Amino acid sequence: PHRVIEALQTASFMAKRVGDIVKEEVSFVKDQASRKLQQAYRKFLMMLPGHVLENIPVENAMVKEVRSETGKLTGWAGVTLRDRLGSGAFGSVFLGQHEQHGKCALKVIPKPTITNANELVALDREVGYMLHLEAHPNVVRAIDAFNTTRHYVVVM
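Please read these numbers as outputs of a predicted model, since none were measured by experiment.

Secondary-structure assignment places Tyr129 in helix H2 (residues 117-132). The exposure class assigned to Tyr129 is exposed, which follows from its relative accessible area of 54%.

This part covers the sheet that holds strand E3 (residues 79-87). The strand order across the open sheet built from seven strands is E1-E2-E3-E4-E5-E7-E6, with neighbouring strands paired in antiparallel fashion. On the outer flanks of this sheet lie strand E1 (65-67) and strand E6 (144-147), each paired with one strand and no other. Pairs of neighbouring strands in the sheet enclose a mean axial angle of 30°, with direction left out of account. Bridging between strand E5 (residues 102-110) and strand E7 (residues 151-155) involves five bridges; their strand directions are antiparallel. Following the sheet pairing, Leu106 is matched in E7 by Val155.

Glancing now at the side chain of Asp124. Relative to the elements of secondary structure, Asp124 occurs in helix H2. Sequence-distant contacts of Asp124, that is, excluding residues within four places in its chain, are made with Leu53, Glu54, Asn55 and Ile56.

This part covers empty space enclosed by the protein. Tallying each qualifying case throughout the model produces one cavity of 30 Å³ or more. Considering only enclosed or pocket space, the largest cavity measures out at about 40 Å³ in volume. Contributing elements (two or more residues each) for the lining of the largest cavity: H2, E6 and E7. When residues in the lining of the largest cavity are grouped by element, the largest group, three residues, is from E7.

Within the secondary structure, Ala142 sits in the loop between H2 and E6. Between the C-alpha atoms of Ala142 and Met130, which are twelve residues apart in sequence, the distance is 4.9 Å. Aside from chain neighbours lying at most four places away, what touches Ala142 is Met130, Leu131, Val154, Val155 and Met156.

What counts and how
Residues numbered from 1 in each chain as written. Predicted model: local features only at pLDDT ≥ 70, side-chain atom pairs only at ≥ 80, totals over all residues. Heavy atoms only, no water. Helix = DSSP H or I, 4+ residues; strand = E, 2+ residues; numbered from the N terminus. Buried < 20%, exposed > 50% of the residue type's maximum accessible area, 1.4 Å probe, protein only. Pairing = 2+ DSSP bridges. Axes fitted to C-alpha atoms, helices over the stretch in contact; angles between N-to-C directions. Contact = heavy atoms within 4.5 Å. 1 Å grid on protein atoms, 1.4 Å probe; cavity = no way out; pocket = protein on both sides within 12 Å on 5 of 7 lines; lining within 4 Å. Points joined across faces, edges and corners; volume = space filled by probe spheres on them.

Below, the structure is given as structure tokens:
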């Protein structure tokens, strides 16, 4: 009887241990699948501009960031960021200098702040409104927009 009790206790311990290992493996696989799904979703979102969304141009990987010695973003080729004028939920507005348009405001939106299709569609709609507005002294009109590997930028 003593050996039977020991065998039952050992079997119970082993079953619990196997159960814990299976739970860990299932959790690991779920996390991996979730990460892969999130990556696929982000890739899908990044394919929309310039194709389905017509106001945000296609990503131009040729537009390289310009950074200071400290690593701070200072602009892109032909565009210089100066003072930050303000910031909001998605990004910041800077005073800047554009080689074609001169002194301007630049709305800089880091891509990671756009987390779902609704936000991307809303950004496309906003850019569309700003690009196609009639001139008015109290409304800022966009004159250009570009899409880099890390940012959406609206030139105003």
